[in-house]
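One-letter residues, chain by chain:
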Amino acid sequence: MSESTINPADFKAHETDTGSADYQVALLTKRIVHLTAHLGEHKKDSSSRRGLLKLVAQRRKLLDYVKANSEERYQKLLAGLNLRK
């Protein structure tokens, strides 16, 4: 998945939404895709790798929260962001 195909605005609950879990997951996914591409070129960049792992853990926690509250929203996020679980 390329970075340009992820549009976090598609996951906003309303126009001024900046804090919903869905929107945060979409933003984190975009950053994760960007860092993954960076690490493909710079294999020894340990600090970026650590940051990537922190982002992945944060996204996992948010996805667990969404799943606990609404299975429908969770499935929509997984499908919309091409995530597997």
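Everything quoted here is computed from the prediction, not taken from an experiment. (Residues numbered from 1 in each chain as written. Predicted model: local features only at pLDDT ≥ 70, side-chain atom pairs only at ≥ 80, totals over all residues. Heavy atoms only, no water.)

**Things to note about the overall build of the protein chain**
- Per the secondary structure count, the protein chain includes three helices and zero strands.
- Along its sequence from the N terminus, the protein chain presents helices and strands in the succession α-α-α.
- Rg of the C-alpha trace for the protein chain: 13 Å, near the compact-globule value of 12 Å for 85 residues, within the 12% margin.
- C-alpha atoms of the protein chain, sized along the principal axes, occupy 40 × 25 × 20 Å.
- Within the protein chain, the proportion of its 85 residues that are buried is 34%.
- Sequence separation of 24 or more characterises 51% of the internal contacts of the protein chain that already satisfy a separation of 6 or more.
- On the protein chain, the mean spot of the 16 positive side-chain charges and the mean spot of the 10 negative ones are 9 Å from each other. (Helix = DSSP H or I, 4+ residues; strand = E, 2+ residues; numbered from the N terminus. Rg over C-alpha atoms; globule rule 2.2 N^0.38 Å. Buried < 20%, exposed > 50% of the residue type's maximum accessible area, 1.4 Å probe, protein only. Contact = heavy atoms within 4.5 Å. Lys, Arg positive; Asp, Glu negative; His and termini not counted. Charge placed at Lys NZ, Arg CZ, Asp CG, Glu CD.)

**Overview of helix α3 (residues 71-80)**
- Of the positions making up α3, those classed as buried are Y74, L77 and L78. With its buried residues spanning 95 degrees around the axis, α3 presents them on a single face. Residues of α3 that are exposed and point over 90 degrees away from its buried face: E72, K76 and A79.
- Summarising the contacts, the buried residues of α3 are in contact with α1 (21-41) and α2 (46-69).
- With its phi angle positive at about 55 degrees, N82 sits one or two positions after the end of α3. (Arc of directions from axis to C-beta.)

**Digging into the pattern of salt bridges**
- Going through the model one piece at a time under the given rule, you end up with two salt bridges.
- Of the charged contacts in the structure, one is a salt bridge between D22 and R73, with a shortest N-O distance of 2.8 Å. Here R73 lies in helix α3 and D22 lies in helix α1, a separation of 51 residues in the sequence.
- According to the relative accessible area criterion, D22 is buried, its value standing at 15%.
- Classification of R73 by relative accessible area gives partly exposed; the value is 33%.
- Across the pair D64 and R60 runs a salt bridge, and its minimum N-O distance is 3.1 Å. (Salt bridge = Lys/Arg side-chain N within 4 Å of Asp/Glu carboxyl O.)

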